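Close look at the chain arrangement
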Amino acid sequence: MVRAGQLVVRTTLLFSVLAFGQASVPGAPSIPPSVEQSAAGPAFDIRAAVDAYLAKMPPAQRARSDAYFEGGYWLILWDFLSTVLVMWLLLHFRWSARMRDLAERLTRLRPLQTVLYWVQFFVVVSVLTFPLSVYEGYFREHKYGLLNQSFGPWMRDQLVGLGVGVVLGAILMVPLFGLVRRLGRSWWVWGATLMIAFAAFVSLIEPVYIAPLFNKYTTLTDARIKGPILSMARANGIPATDVYEFDASRQSNRVSANVSGFAGTLRISLNDNLLKRCTLPEIETTMGHEMGHYVLNHEYKGLVMFGVVIVIGFAFLNWGINFSLARWGEQWDVRGITDVAVLPLAVIVFSVYMFLMTPVTNTISRNMEYEADLYGLNAAQQPDGEANVDMLLGEYRKLDPGPIEEFIFYDHPSGRTRITAAMRWKAEHPQSANEDEVARPLFEAK
Ligand SMILES: [Zn+2]
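Residues numbered from 1 in each chain as written. Predicted model: local features only at pLDDT ≥ 70, side-chain atom pairs only at ≥ 80, totals over all residues. Heavy atoms only, no water.

**Considerations on the overall build of the protein chain**
The helix and strand inventory of the protein chain stands at 18 helices and four strands. Relative to its 446 residues, the protein chain shows a buried fraction of 57%. Roughly 18800 Å² of accessible area belongs to the protein chain as shown, and the carbon and sulfur atoms make up 64% of that amount. (Helix = DSSP H or I, 4+ residues; strand = E, 2+ residues; numbered from the N terminus. Buried < 20%, exposed > 50% of the residue type's maximum accessible area, 1.4 Å probe, protein only. Areas by Shrake-Rupley, 256 points an atom, 1.4 Å probe, with all protein chains shown as cover.)

Structure representation (structure tokens):
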């Protein structure tokens, strides 16, 4: 699950690649239930078992969750269009050129000029996109009952995110423009390499320096939960001290866990909602999923796969910038690709690319999430716990989409896909059945 990253990501699409740092990657090849192979005998109907789980959510709540998630499809479009519009304003009215001029007046040092331009750019863009951000992140979340924060604490998180974006962006922009100036035409190859290294860097520092700015992280202490988790960690060859708990309830009631960090900072974290709302089998299966990300090296695989997306994106970026500057460069008072004032154009071109790549990046993520699901089923052997957790995730992710919808929009498998995998696993491992989990009501009718 993407946490702190999402705040950074919102304003500049250049940053959308950061999202891969947090390896909550879901993806699901379609899985036809194979009732015939059921070791539980003909009595266990996988499809009926899946439907019974889906029926745990009252219809009104289901409709609300669907509406929330489907609205998110449109937000992808509105975010894209608003980014393009804001960037176009910066170019058309030459605000970008003026920010560059101001930076040049303040210092002669080029790296410092880049930093000064970036600070102005990031703050102005954040202000211009604020109405959409506040609708998406605050009012809309409240409307669907998914946010616990009042405006003050929410705004505080936004400002912290702005600060993080200013600092991280500067760390990226200075060497990036340095490369463009020194390397000329081949800049994009090394630019993409730098971008990938930067993403790994952000992922490395995220759990230690960024995530704690938004939530309090403590090591998990409850022995009844810690014991079984550490035992499962040892069974899967995972360093046994790496389980953290964080106060996600500060922001919402969403159940979630994640793997974050990289190399030395890699860690598994559970949120307090999961601990409060879930039974031990449910927590175990969730941890099995997260351990799957760890053991299957999803951080590294993600870096490689998203790396390919980034390299192609930078080739497109190079072409798009040169194409546009030849036509409108003078009109915008942008001197060339080495001029920092080109940044809004770069964001437009890269946003177009990332917008078109949405199904690709979602599928990369979704496939890894599905792998982690299967790993979790094998590790925890709690298919009914897994189905219940999948239902709880259905509070904010539409449970039963069509296949094309899932392919395009889902960065995690849908509830139906995940529960089908769990029930197929249960059918073939009948000793794993847990009647308490089957009977457990998850939602109060509202
Ligand atoms: Zn995951």
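Still more to cover.
**A short note on the coordination of the zinc ion**
The coordination sphere of the zinc ion, as far as protein atoms go, consists of His289 (NE2), His293 (NE2), Glu369 (OE) and Glu369 (OE), spread over 1.9 to 2.7 Å. Relative to the metal, the four donor atoms surrounding the zinc ion lie at angles of 52 to 135 degrees, and the coordination shape comes out irregular. Donor residues binding the zinc ion come from one chain and are separated in sequence as H-x3-H-x75-E. Of this pair, His289 sits in helix 11 (residues 280-295) while Glu369 sits in helix 14 (residues 358-380); the two residues are 80 residues apart in sequence, bridging distant segments of the chain. (Donors = N, O, S within 2.8 Å, 3.2 Å for Na, K, Ca; no water. Tetrahedral: all angles 85-135°; square planar, octahedral: opposite > 155°, others 65-115°.)

**Quick word on the pattern of salt bridges**
By the definition in use, this model includes 19 salt bridges. With a shortest N-O distance of 3.2 Å, Arg100 and Asp333 are connected by a salt bridge. Of the two residues, Arg100 sits in helix 4 (residues 95-106) while Asp333 sits in the loop between helix 12 (298-332) and helix 13 (343-356), which places them 233 residues apart along the sequence. In this structure Arg100 comes out as buried when scored by relative accessible area, which is 2%. Relative accessible area serves as the criterion here: at 28%, Asp333 is assigned to the partly exposed category. Lys276 serves as the salt-bridge partner of Asp272, at 3.8 Å between the closest nitrogen and oxygen. Of this pair, Asp272 and Lys276 both sit in helix 10 (residues 272-277), four residues apart, which is roughly one turn of the helix. Judged by relative accessible area, which is 60%, Lys276 ranks as exposed. Through salt bridges with shared partners, a single ionic network connects Arg100, Asp101, Glu104, Asp333, Arg335 and Asp339. (Salt bridge = Lys/Arg side-chain N within 4 Å of Asp/Glu carboxyl O.)

**Some points on the pairing of strand 4 (residues 267-271)**
Counting buried positions along strand 4 gives five out of five residues, so the element sits mostly inside the fold. Along strand 4, one buried face is formed by Arg267, Ser269 and Asn271 and the opposite face, lined by Ile268 and Leu270, is buried too. In the sheet, strand 2 (residues 243-246) pairs with strand 4 via four bridges, with the strands oriented parallel. Paired with Tyr244 across the strands is Ser269, a residue of strand 4. The pairing of strand 3 (residues 257-260) with strand 4 spans four bridges and is antiparallel. Within the sheet, the bridge partner assigned to Ser260 lies in strand 4 and is Arg267. The hairpin formed by strand 3 and strand 4 contains six residues between the paired strands, and Gly261 there has a positive phi angle of roughly 90 degrees. (Pairing = 2+ DSSP bridges.)

**As for the confidence of the model for the protein chain**
Per-residue confidence for the protein chain gives a mean pLDDT of 89; residues scoring 70 or more make up 90%. Element-level pLDDT for the protein chain is lowest in helix 1 (residues 4-11), with a mean of 34, against a maximum mean of 98 in helix 4. Note on residues 1-33: pLDDT is under 50 here. Beyond four places in sequence and across chains, it has 127 contacts. Across residues 35-40 the pLDDT falls below 50, and counting only partners more than four positions away or on other chains, this stretch makes 11 contacts in the model. (pLDDT = per-residue confidence, 0-100. Contact = heavy atoms within 4.5 Å.)

**Describing helix 11**
Its 16 residues give helix 11 an end-to-end C-alpha distance of 22 Å, which sits within 8% of 22 Å, the value for a rise of 1.5 Å per residue. Of all 16 residues in helix 11, 13 are buried, a share of seventy percent or more. At the C-terminal side of helix 11, Asn297 shows a positive phi close to 55 degrees. (Expected span 1.5 Å × (residues − 1).)

**Describing the packing of helix 11 against helix 14**
Relative to each other, helix 11 and helix 14 sit at 125 degrees, their axes nearing to 7 Å. In this view, helix 11 runs oblique relative to helix 14, as classed from their interaxial angle. The element helix 11 and its partner helix 14 pack so that their crossing is right-handed. Between helix 11 and helix 14, the contacting residues are Glu284, Thr285, Gly288, His289, Met291, Gly292, His293 and Val295 on the first element and Met368, Glu369, Ala372, Asp373, Tyr375, Gly376, Ala379 and Ala380 on the second. (Axes fitted to C-alpha atoms, helices over the stretch in contact; angles between N-to-C directions. Parallel < 35°, antiparallel > 145°, perpendicular 65-115°, else oblique. Left-handed = near helix turned anticlockwise from the far one by under 90°.)

**Examining the sheet that holds strand 1 (residues 217-219)**
Within a sheet, neighbouring strands are paired by backbone hydrogen bonds and run either parallel or antiparallel to one another. One open sheet holds the four strands; their spatial order is 1-2-4-3, and the pairing between them is mixed. Each edge of the open sheet carries a strand with a single partner, namely strand 1 and strand 3. The mean angle between the axes of side-by-side strands here comes to 35 degrees, regardless of whether they run parallel or antiparallel. Pairing analysis gives three bridges linking strand 1 to strand 2, with the strands arranged antiparallel.

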